[in-house]
Amino acid sequence: MKPVFKGETFRIILVFLVSYVLFLFLWISVKDSYGYLITVIASKGLQAVKDVKVEAIKTVGDRYVVTMSPERFRSMLVVDVSVKTSTYTFNAPLTFAIMAAFFIPLRKRLLSRGEKRPYPVLLRIYAESCLILLCVHILFVLSLEGERLTRIMMERGYEEMGVLKLGFWQFLWGFVDNMVIRFEPFLIGAYLYFRRR
């Protein structure tokens, strides 16, 4: 009777399982710092997109509260937006484990194509994957803050009611939250699969 898994397939599965456990423990220790960095970058990005000023970013339990005020109404309106890091990073250890599992087939593919030095190419591929992941997380926080801020400003009369403007922010945040974040590991896996080809 032939074994179900042998050779390369067994090594890929083993790399995935071991790296998932390692990344899970590692992620617990760096998650808060990463979340703060993403929140700062996204909040500064929102300053450029909308006419707002980030007044403060405070840690409250397991979340960050970003205090913003529109530049035109700084003395009159302050908006707090709560961002929970685990809401958009819960898939990160699984994503990193999938990335680790792709190392063996990617390296094999490069060597079979006659690549003498596969590691610089692999480094570039993994840097691209990490950049995609970073952009997805920044987009999540930026769209969350943009949607909350736009809705609150419209409700309080500081911004004209605009169905298109509010609809854009609601769609962007809803799409990133319900589609992109949920399928993030598979998006990165698909990217690595097609990058391999």
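Structure report, in brief. (Residues numbered from 1 in each chain as written. Predicted model: local features only at pLDDT ≥ 70, side-chain atom pairs only at ≥ 80, totals over all residues. Heavy atoms only, no water.)

Let us now look at the overall build of the protein chain. The secondary structure content of the protein chain amounts to 7 helices and 3 strands. Against the globule reference of 16 Å for 197 residues, the protein chain gives a C-alpha radius of gyration of 21 Å, more extended than a compact globule. Its C-alpha atoms put the protein chain at 75 × 35 × 30 Å along the principal axes. Among the 197 residues that make up the protein chain, the fraction classed as buried is 41%. (Helix = DSSP H or I, 4+ residues; strand = E, 2+ residues; numbered from the N terminus. Rg over C-alpha atoms; globule rule 2.2 N^0.38 Å. Buried < 20%, exposed > 50% of the residue type's maximum accessible area, 1.4 Å probe, protein only.)

The next thing to look at is the pattern of salt bridges. Per the counting criterion, the structure on display carries 8 salt bridges. With a shortest N-O distance of 3.8 Å, E128 and R124 are connected by a salt bridge. Here the residue E128 and the residue R124 both occupy positions in helix α5 (residues 118-155), the gap between them amounting to 4 residues, near one helical turn. For E128, a relative accessible area of 23% puts it in the partly exposed group. Take R124: its relative accessible area is 44%, and that puts it in the partly exposed class. Between E147 and R151 there is a salt bridge, with its nearest N and O atoms 3.3 Å apart. (Salt bridge = Lys/Arg side-chain N within 4 Å of Asp/Glu carboxyl O.)

Here the focus is helix α1 (residues 8-49). Given a rise of 1.5 Å per residue, 42 residues ought to cover 62 Å, yet the end C-alpha atoms of α1 are separated by just 48 Å, more than 12% below that figure. Listed in full, the buried residues belonging to α1 are S19, W27, Y34, G35, I38, T39, A42, S43 and L46. (Expected span 1.5 Å × (residues − 1).)

Within the element layout of this structure, L134 appears in helix α5. Between the C-alpha atoms of L134 and Y34, which are 100 residues apart in sequence, the distance is 9.9 Å. Among all residues touching L134, those that are not within four sequence positions of it are Y34 and I38. (Contact = heavy atoms within 4.5 Å.)

Our focus in this paragraph is the side chain of S69. Residue position: S69 is located in strand β2 (residues 63-70). Exposure remark for S69: the relative accessible area of 0% places this residue in the buried category. There is a polar contact of 2.6 Å between the side chain of S69 and the side chain of E55. (Polar contact = N/O pair within 3.5 Å; in protein donor to acceptor, adjacent residues only side chain to side chain.)

What sets the pattern is the α-helix's 3.6 residues per turn: residues three or four places apart point alike. Counting buried residues along helix α3 (residues 92-101), 9 of its 10 residues qualify, which places the element largely inside the surrounding structure. For α3, the set of buried residues is A92, P93, T95, F96, A97, I98, M99, A100 and A101.

Together, F171, F175, M179, F183, F186 and L187 line one region of the surface with nonpolar side chains, adding up to about 650 Å² of accessible area. Of all elements in the fold, only α6 (163-180) and α7 (184-196) reach the threshold of two or more residues within the nonpolar patch. By residue number, the principal contributor to the nonpolar patch is α6, which donates 3 residues. Structurally, the position occupied by F175 is in helix α6. (Patch = residues over 30% accessible without salt bridge, like charges linked within 9 Å, V, L, I, M, F, W, Y side chains within 5 Å. Areas by Shrake-Rupley, 256 points an atom, 1.4 Å probe, with all protein chains shown as cover.)

Next up on the list: the pairing of strand β3 (residues 79-84). The alternating pattern of β3 places V79, V81 and V83 on a buried face, while none of D80, S82 and K84, on the opposite face, is buried. Pairing between β2 and β3: 6 bridges, direction antiparallel. Paired with R63 across the strands is K84, a residue of β3. (Pairing = 2+ DSSP bridges.)

According to the stated counting rule, one finds 10 aromatic pairs in the structure shown. Consider the rings of F23 and F96, whose centres lie 5.5 Å apart with planes at 45°: the pair is tilted. Linking F23 in helix α1 with F96 in helix α3, this pair joins segments that are 73 residues apart in sequence. Owing to a relative accessible area of 25%, F23 belongs among the partly exposed residues under this scheme. With a centroid separation of 6.4 Å and an interplanar angle of 20°, the aromatic rings of F103 and Y119 are classed as stacked. One end of the pair, F103, is in helix α4 (residues 103-112); the other, Y119, is in helix α5, and 16 residues separate them in sequence. Judged by relative accessible area, F103 falls into the partly exposed class, the value being 32%. For Y119, a relative accessible area of 46% corresponds to the partly exposed category. Chaining the aromatic ring pairs together yields one cluster made of F23, W27, Y34 and F96. The ring of W173 has R148 lying over it, and the distance from NZ or CZ to the ring centre is 4.7 Å. (Phe/Tyr/Trp six-rings, centres within 6.5 Å; stacked < 30°, edge-to-face > 60°. Lys NZ or Arg CZ within 6 Å of the ring centre and 35° of its normal.)

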